[in-house]
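Structural overview for review
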Amino acid sequence: MIKKHIAIFASGNGSNFEAIARACAKNRVNAVVALLVCDNPNAFVIQRAKKFDIPVFEFQPKNYASKADYETEIVQILKKHNVDLICLAGYMRLVSDVLLNEYEGKIINIHPSLLPAFKGLNAIQQAFEYGVKLTGVTTHFVDKTMDGGTIIGQVAVPIGNCTLEELETHIHAVEHELYINTINKIINYENIT
Ligand code: GRF
């Protein structure tokens, strides 16, 4: 089976990027990470991409007149790399119709809570401070809204007596496995062409 081409969009640390890149390199996922799209030239994820020899498209939104302008350029680059699936992994921006229309049903995201609870920034801390007994991780298709779109997978994580730091470590480990499982599910069920 021909390997699918994944583009990962990230703005920061990139631990999910690395988990996906490693899973592809070890054939745990029948895909290659063909491109990193990054809106922050100082992000650590760029170093990770270099380590894996993955091409990077770096851009700064402030250098474009509008979101439509930079997304139009991104679409051209995605096409050049024959991208089949876009994985948002800590990409700190909403996507607009330019990307959504071109890659309908082919853009997914991961969020560190049991959506629809605790959308937005610092979701692990939000859940911890609220005092819920169970939190977790969600993968979902992306729409125009923040952390919205149809849910694909969820894993629950009990908080127990964890500190916030312990909970963060646990959630990130769960994220890496769930993202790989979700990508496999999408690729293997041929939901993408
Ligand atoms: C993850 O918690 C992810 O769920 C959220 O942003 C964080 C990115 O972490 N959307 P990393 O950059 O992959 O380490």
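The structure under discussion appears in the preceding block.
This is a predicted model, so every value here is computed, not measured.

Calculation notes
Residues numbered from 1 in each chain as written. Predicted model: local features only at pLDDT ≥ 70, side-chain atom pairs only at ≥ 80, totals over all residues. Heavy atoms only, no water. Core = buried A, V, L, I, M, F, W, Y, C linked by side-chain atoms within 4.5 Å. Buried < 20%, exposed > 50% of the residue type's maximum accessible area, 1.4 Å probe, protein only. Helix = DSSP H or I, 4+ residues; strand = E, 2+ residues; numbered from the N terminus. Contact = heavy atoms within 4.5 Å. 1 Å grid on protein atoms, 1.4 Å probe; cavity = no way out; pocket = protein on both sides within 12 Å on 5 of 7 lines; lining within 4 Å. Points joined across faces, edges and corners; volume = space filled by probe spheres on them. Nonpolar A, V, L, I, M, F, W, Y, C, P; charged D, E, K, R; others polar. Phe/Tyr/Trp six-rings, centres within 6.5 Å; stacked < 30°, edge-to-face > 60°. Axes fitted to C-alpha atoms, helices over the stretch in contact; angles between N-to-C directions. Parallel < 35°, antiparallel > 145°, perpendicular 65-115°, else oblique. Left-handed = near helix turned anticlockwise from the far one by under 90°.

Another point: the nonpolar core. Generally speaking, soluble globular proteins have nonpolar side chains that are buried together. Counting 39 residues, the largest nonpolar core has Phe17 and Ile183 as the members making the most contacts within it. In terms of residue count, the dominant contributor to this core is helix α6 (residues 164-188) (10 residues). Sequence-distant contacts of Phe17, defined by excluding residues within four places in its chain, comprise Ile8, Val33, Leu36, Val45, Arg48, Ala49 and Ile54. Counting 21 residues, the second-largest nonpolar core is a separate cluster that includes Val37, Val83, Ile86 and Leu100.

In this section: the layout of surface pockets. Roughly 850 Å³ of volume is contained in the largest pocket. Gly90, Tyr91, Met92, Ile110 and Pro112 are, among the 35 residues lining the largest pocket, the residues nearest its centre. At the level of secondary structure, the elements contributing two or more residues to the lining of the largest pocket comprise α1 (15-25), β5 (107-111), α5 (123-130) and α6. Grouping the amino acids of the lining of the largest pocket by side-chain chemistry returns 14 nonpolar, 16 polar and five charged.

Position of Asn27 among the secondary structure elements: in the loop between α1 and β2 (31-38). Sequence-wise, Asn27 and Lys3 are 24 residues apart; in three dimensions their C-alpha atoms are separated by 9.8 Å.

This part takes up the packing of aromatic side chains. Counted by the stated rule, this structure contains six aromatic pairs. Residues Phe59 and Tyr64 carry aromatic rings whose centres are separated by 6.3 Å and whose planes lie at 80 degrees to one another, so their mutual orientation is edge-to-face. Joined through ring pairs, the aromatic side chains of Phe57, Phe59, Tyr64 and Tyr70 make up one cluster.

Right, let's get into the packing of α5 against α6. Where α5 meets α6, the closest approach of the two axes is 10 Å, and the angle between their N-to-C directions is 130 degrees. If you check the angle between α5 and α6, you find them oblique. The hand of the α5/α6 crossing is right-handed. Across the interface between the two elements, Ile124, Gln125 and Phe128 of α5 pack against Leu164, Leu167, Glu168, Ile171 and His172 of α6.

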